[in-house]
Amino acid sequence: MTDPSPRAAQQTGPVVRVSGVDKTFRRGDRAVTKALEAIDLDIARGEFVSLIGPSGCGKSTLLRIVGDLTSPSTGTVTVNGKTAEQARRDRDYGMVFQAPVLFDWRTVEDNVKLPLEILGWDAARRASRAREMLDLVELGEFVKHHPFQLSGGMQQRVAIARALAFEPSILLMDEPFGALDEMTRERMNGEVLRIWERTGTTILFVTHSIPEAVFLSSRVVVMSARPGRITTIVDIDLPRPRTDETRESRRYFELVTAVREALRAGGAELDDRGTVGPGSDASIERTIAEGAVG
């Protein structure tokens with residue numbers, strides 16, 4: 001399938017390269033659990049890649065390693081040809097998490113302006129860019145509202161606008177729609193695809209939903225139960241733009257089945273909606289200080 005994003009041809013090598021990455025969480029000198037093992041993954045510029053696997057398999061940990069929010073125990077990560085740390089310092093990343101993390105005392109517009117203030121943009125440029133991003137996520141009429149006046153889906157759109165405000169080349173999204181109801185989640189899937197196609201930003205996306213992963217992605221990376229390994233990468237050859245009709249096509253259901261079978265082969269438990277349940281040892285997460293292994 002031809003990549004639709006306008007920036008895809010600007011770089012011949014991968015924008016993200018993960019090589020031989022292991023991650024072991026420790027408490028003092030004692031290893032608590034091994035979250036990731038032997039991860040190798042290349043992501044091309046302009047791709048939309050989803051990570052899916054059982055709870056606790058290390059999906060979020062891998063995302064955080066790419067974003068330099070935590071370090072691998074072994075192995076290397078390069079982003080735009082740089083170390084992950086340098087890429088973070090160079091503001092190559094935008095990040096969106098399950099909770100929008102907006103400041104209720106700031107207006108929607110001022111929330112989007114926040115990273116631009118930190119970067120030292122002048123007031124006129126900040127205002128122009130914030131309005132541009134809010135128009136992109138179709139919230140231009142809500143610039144003077146406060147987050148508590150918006151629905152959950154609208155708050156996530158503000159978070160996406162803020163993450164894109166400083167033009168990052170990569171957007172890292174950690175289950176951003178997991179707390180939304182099913183109808184809102186489907187609408188947000190369409191929104192994020194529309195934004196991706198307009199901006200050409202490379203997206204690495206964590207989800208527990210097989211239908212969501214298949215609908216959104218260029219490729220779905222299937223991970224095993226902990227320690228997380230990449231067991232299968234499913235190429236998603238559905239035509240774009242993706243629409244409601246996409247979800248009713250035979251090929252869509254074939255790909256959902258392919259991802260489901262790969263997950264089951266890796267030890268995942270699935271519910272009847274195609275959502276990945278916890279792995280058998282998911283309770284280990286609660287013993288790890290400073291966050292879950294994902």
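Residues numbered from 1 in each chain as written. Predicted model: local features only at pLDDT ≥ 70, side-chain atom pairs only at ≥ 80, totals over all residues. Heavy atoms only, no water.

### Quick word on the pattern of salt bridges
Inspection of every chain in the model, using the stated rule, returns 23 salt bridges. A salt bridge links aspartate 174 to arginine 64, with the nearest nitrogen and oxygen atoms 3.7 Å apart. Within this pair, whereas aspartate 174 is found in strand β7 (residues 170-174), its partner arginine 64 is found in helix α1 (residues 59-66), the two being separated by 110 residues in sequence. On the basis of relative accessible area, aspartate 174 is assigned to the buried category, the value being 6%. (Salt bridge = Lys/Arg side-chain N within 4 Å of Asp/Glu carboxyl O. Helix = DSSP H or I, 4+ residues; strand = E, 2+ residues; numbered from the N terminus. Buried < 20%, exposed > 50% of the residue type's maximum accessible area, 1.4 Å probe, protein only.)

### Some details on the packing of aromatic side chains
Throughout the structure, instances matching the rule amount to five aromatic pairs. Judged by centre distance (5.7 Å) and plane angle (85°), the rings of phenylalanine 48 and tryptophan 196 are edge-to-face. Here the residue phenylalanine 48 occupies a position in strand β3 (residues 48-52), and tryptophan 196 occupies one in helix α6 (residues 182-199), the gap between them amounting to 148 residues. What makes tryptophan 196 buried here is its relative accessible area of 0%. Of the aromatic side chains, those joined through ring pairs into one cluster are Phe48, Phe177, Trp196 and Phe205. (Phe/Tyr/Trp six-rings, centres within 6.5 Å; stacked < 30°, edge-to-face > 60°.)

### Quick notes on the environment of leucine 116
The topology assignment puts leucine 116 in helix α3 (residues 108-118). Through-space distance from the C-alpha of leucine 116 to that of alanine 165 is 7.4 Å; in sequence the pair is 49 residues apart. Leave out the neighbours within four places in its chain, and leucine 116 touches Trp121, Arg126, Arg129, Ala165 and Phe166. (Contact = heavy atoms within 4.5 Å.)

### Quick notes on the pairing of strand β8 (residues 202-206)
Most of β8 is tucked away: five of the five residues are buried. Where burial is concerned, the two faces of β8 agree: the one with Thr202, Leu204 and Val206 and the one with Ile203 and Phe205 are both buried. In terms of strand pairing, β3 meets β8 through four bridges, oriented parallel. Within β8, the position partnered with valine 49 by the bridge is leucine 204. Sheet analysis places β7 next to β8, joined by five bridges and oriented parallel. Bridge pairing in β8 places leucine 171 opposite isoleucine 203. In this view, the connection linking β7 to its parallel neighbour β8 by way of α6 has right-handed handedness. (Pairing = 2+ DSSP bridges. Right-handed = clockwise from strand over helix to strand, strands pointing away.)

### Quick notes on the side chain of lysine 59
Within the secondary structure, lysine 59 sits in helix α1. As a buried residue without a salt bridge, lysine 59 has its nearest oppositely charged side chain in glutamate 175, at a separation of 5.6 Å. Within the structure, lysine 59 has its side chain in polar contact with the side chain of histidine 208 (distance 3.4 Å). (Lys, Arg positive; Asp, Glu negative; His and termini not counted. Polar contact = N/O pair within 3.5 Å; in protein donor to acceptor, adjacent residues only side chain to side chain.)

### A word on the nonpolar core
Note that soluble globular proteins tend to have their nonpolar side chains buried in a common cluster. Core analysis: the biggest nonpolar cluster contains 52 residues, and Ile160, Met173, Val214 and Val259 have the highest contact counts within it. With seven residues, the single largest contributor to this core is helix α5 (residues 152-164). Aside from chain neighbours lying at most four places away, what touches methionine 173 is Leu63, Val96, Ile160, Val192, Ile203, Leu204, Phe205 and Val206. One finds Phe25, Ile39, Val66 and Leu172 within the second-largest nonpolar core, a separate group that totals 28 residues. (Core = buried A, V, L, I, M, F, W, Y, C linked by side-chain atoms within 4.5 Å.)

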